[in-house]
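Inside the fold
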Amino acid sequence: MLGGFANCIAHVDLTAGTVEYRPIPEDWARLYIGARGLGVRYLLENGPEVEPFSPENMLCFMNGPLTGTDANMSGRQAVVTKSPLTGTVTDSHIGGWSAARLRWAGFDGIIVTGKASEPVYLYIENGTLEIRKAGELWGQGIHATMAVFKERYGEKDLSVLAIGPAGENLIRYAGWVNENDRAAGRGGTGAVGGSKNLKALVIKAEKAIPKAADRDAWKAAHKRALGAIMDEQFITSPRKGGLSVYGTNVLMNITSTIGALPAKNSQLTSFGERAELISGEYVNEHILVDNPTCHACPVACKKEVEVKEGPWKGLRMESVEYEPAWALGANCDNSDINSIAKLIDQCNDYGMDPIELGNVFSVYMELSQRGATNGGGPLAWGDKMVMVEWAAKIAQREGVGDVLAEGTARVAAHFGHPELSMTVKGQAIPAYDPRGLKGMGIAYATSNRGACHLRAYTPAVELGVIPLKADPLEWKGKGELTKLLQDLHAFSDSLDLCKFSAFAEGAEEYAQQYAAYTGVPFTVEDVLRTGERIYNLERRFNNLAGIGEGSDYLPERFTKEPSTLGGSKGHVCELDLMLAEYYTARGWVNGIVPESKLQELEVV
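Just so it is clear, the structure is predicted and the values come from calculations on it, not from any experiment.

A few words on the overall build of the protein chain. On a plain count of helices and strands, the protein chain comes out with 24 helices and 17 strands. The C-alpha radius of gyration of the protein chain comes to 22 Å, within 12% of the 25 Å expected for a compact globule of 604 residues. Here the protein chain, with 604 residues, has 65% of them falling under the buried criterion. Excluding contacts between residues fewer than 6 apart, the proportion of contacts in the protein chain whose partners are at least 24 apart in sequence is 70%. Within the structure as shown, the protein chain displays about 19700 Å² of accessible surface, and the carbon and sulfur contribution to it stands at 50%.

For the rest of this paragraph, the subject is the sheet that holds strand S5 (residues 89-94). One open sheet holds the six strands; their spatial order is S2-S1-S6-S3-S4-S5, and the pairing between them is mixed. If you trace the sheet from one side to the other, it starts and ends with strand S2 (18-22) and S5, each paired once. With direction set aside, neighbouring strand axes in the sheet form an average angle of 15°. Of the strand pairs in this sheet, strand S3 (residues 59-62) and strand S4 (residues 77-82) are connected by three bridges, and their pairing is antiparallel. Counterpart to Cys60 in the pairing with S4 is Val80.

Further remarks concern the nonpolar core. Judged by nonpolar contacts, the single largest core of 154 residues is most densely connected at Val320, Met352 and Phe361. When residues in this core are grouped by element, the largest group, eight residues, is from helix H13 (residues 354-369). Once residues lying within four places of it in the same chain are set aside, the contact partners of Phe361 are Leu328, Cys332, Leu343, Leu379, Met387, Trp390, Ala391 and Ile394.

A regular strand places its side chains on the two faces of the sheet in alternate fashion. Note that strand S7 (residues 120-125) and strand S8 (residues 128-133) share six bridges and pair antiparallel. Note on S8: the bridge partner recorded for Tyr121 is Arg132. Connecting the antiparallel pair S7 and S8 is a turn made up of two residues, with Asn126 showing a positive phi of about 50°.

This next bit is on the packing of aromatic side chains. Counted under the stated rule, the structure contains 19 aromatic pairs. Between Tyr432 and Tyr457, the ring centres sit 5.8 Å apart and the planes meet at 80°, which makes this aromatic pair edge-to-face. Of this pair, Tyr432 sits in the loop between strand S17 (427-428) and helix H17 (438-446) while Tyr457 is found in the loop between H17 and helix H18 (459-462), placing the two residues 25 residues apart along the sequence. Of the two residues examined, Tyr432 and Tyr457, each falls in the buried class. Ring geometry for Tyr535 and Trp588: centres 6.4 Å apart, planes at 15°, overall stacked. Pair noted here: Tyr535 is in helix H21 (residues 524-544) and Trp588 is in the loop between helix H23 (575-586) and helix H24 (595-600), with a separation of 53 residues, a long-range link. Residue class for Trp588 comes out buried when judged on its relative accessible area of 5%. Positioned over the ring face of Tyr123 is Arg132, at 4.2 Å from the centre of the ring.

The strand order S13-S14-S15 describes an open sheet built from three strands, whose pairing is antiparallel. The two strands at the open ends of the sheet, each matched to only one other strand, are strand S13 (288-290) and strand S15 (316-318). Strand-to-strand twist of the sheet, defined as the mean angle between neighbouring strand axes without regard to direction, takes the value 40°. The pairing of S13 with strand S14 (residues 304-306) spans two bridges and is classified as antiparallel. Looking across to S14, one finds that Asp290 is bridged to Glu304.

You can read the domains of the protein chain as domain 1 (9-204), domain 2 (241-428) and domain 3 (438-553 + 574-601). Domain 1 and domain 2 are separated by 26 Å when their C-alpha centres are compared. Across the boundary between the two partners, domain 1 contributes 37 residues, which contact 33 residues of domain 2. Note on domain 1 versus domain 2: buried area summed over both sides is about 2800 Å², and carbon and sulfur give 50% of it. Three residues stand out in domain 1 for area buried against domain 2, namely Tyr173, Arg182 and Arg186, and they jointly supply 28% of the buried area on that side. Our enumeration of links across domain 1 and domain 2 arrives at four salt bridges. One salt bridge in this structure joins Glu356 and Arg186, with 3.5 Å as the shortest N-O distance. Viewed at the interface, domain 2 and domain 1 are joined by 23 residue pairs in polar contact (both at pLDDT 80 or more). Here the side of domain 1 that touches domain 2 gets three residues from one element, more than from any other, and that element is helix H5 (residues 165-168). Considered class by class, the residues forming the side of domain 1 that touches domain 2 number 15 nonpolar, 18 polar and four charged.

Reading the values: rules and limits
Residues numbered from 1 in each chain as written. Predicted model: local features only at pLDDT ≥ 70, side-chain atom pairs only at ≥ 80, totals over all residues. Heavy atoms only, no water. Helix = DSSP H or I, 4+ residues; strand = E, 2+ residues; numbered from the N terminus. Rg over C-alpha atoms; globule rule 2.2 N^0.38 Å. Buried < 20%, exposed > 50% of the residue type's maximum accessible area, 1.4 Å probe, protein only. Contact = heavy atoms within 4.5 Å. Areas by Shrake-Rupley, 256 points an atom, 1.4 Å probe, with all protein chains shown as cover. Pairing = 2+ DSSP bridges. Axes fitted to C-alpha atoms, helices over the stretch in contact; angles between N-to-C directions. Core = buried A, V, L, I, M, F, W, Y, C linked by side-chain atoms within 4.5 Å. Phe/Tyr/Trp six-rings, centres within 6.5 Å; stacked < 30°, edge-to-face > 60°. Lys NZ or Arg CZ within 6 Å of the ring centre and 35° of its normal. Domains from an automatic or database assignment. Buried area = accessible area lost by both parts, 1.4 Å probe. Salt bridge = Lys/Arg side-chain N within 4 Å of Asp/Glu carboxyl O. Polar contact = N/O pair within 3.5 Å; in protein donor to acceptor, adjacent residues only side chain to side chain. Nonpolar A, V, L, I, M, F, W, Y, C, P; charged D, E, K, R; others polar.

Below you can see the structure in the form of structure tokens.
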């Protein structure tokens, strides 16, 4: 038996109305660790060919062996399913406290299949799970849903993970939200919940930190990891580092200056002087009111704000993160921070991905700019009032919202201009232009869940956030770098530690913490090999799901239209050159994992 695990997964069949408690196959736990890796393994066993909205699709809420422990930044959970947005495997991670409480309640994960005949929620406490009726909550927003459960079960020791109207109405980029404002946002996991008539997971659990297998080794490993996070040379340093002081939005001015901030649907690579108006520095000075945090996290990157003026005066919400602020700001030519806070709050309440929503708006704005909406009402660049109005229409699939609910790629295709869609594998890009950060180009293209900055966070290297550094405008070496970071992040996502731990910790810290908690000897080489195994497992799923050669691409805007602004002026993204380097490093053939590689990594 491995330390750190509860060794219990609740398997819920909503069609039959049954719950079974099963142990984790130990060979799976050793090969795939937990959270992301283990969730994908269960998903592969279930079958890659299932339709995302079918009862047969599996929806997994998975913890890792460090979740809910006293490991720094260990309040994370992976929501794993087959995506209705991309048709790929997807995992979306959520912070807050629900993951830790699930572990304290006695579970490593909840795996849901089937479809309930009426709306339901799952109530979890003291090692048991019950399916309960949620009819009176169907149609309610996240915030109202949270309030009902707090009144019903008491606020103390309670976490609620819920979908809103976006999930219920099968918006393809709906997510799960806990603590009112923390989200597993990407890939449409909330829509899969809606397709199953599953409204929420309600978890009641007192704090009960799992014990490490080797307590002396754990003390040393924990001390080292905490020392790295606290070190003032890193942006994680509490109340001193940029991430702690300004949150993720510390990047806005930086990326705009170097010509790596997409603006107006990536027609531009900088937001110019207006970037300051939506930056973390501006938020900190004008609307910041609190710095909440997640379980076991000293960094406190979350930024709670209050709108002080205008039509949304008095709105208090969390959090004006970098990605949503870009998506609903620079990407839409909107520099009004108050409207951005309102739009993010709508996403938190409706339960939908603000990155995808911002790209849906921006592609429709460019279609309007070109007169290509086929008679549909236009949406002008930066029209914040209409954006707020249409966000509500999308969540309810009303009018034009029914088309926009389908996601960026489908919107562009619907109006006959797929080339205007800044997507990879059907998922919209986040806040980095690969003409100014070349590593992001190959990372977007080869991400197994569609365009994503979190599969391989190359800006950490290209912007000098960590000691390893590389020129952001140089393509050479970026294929190999992306492979390395993909493997490292696949492992940390399976522990499950916050991605921001990688700004201070590395493979050695991860290996020491895993070994101490589980009792399994582990090295840096083991970390990278395990991460490689998980990444190839995901690619295997996608290949079997029909996503094969030619699926690792970028929109031609990035490869053929040179940047005209900022430090990247004149640059395009040399994807083909990086892709060849990447495939060589991976041992793949045009995006396909050979059988020999799967055997080498013990996937088959």
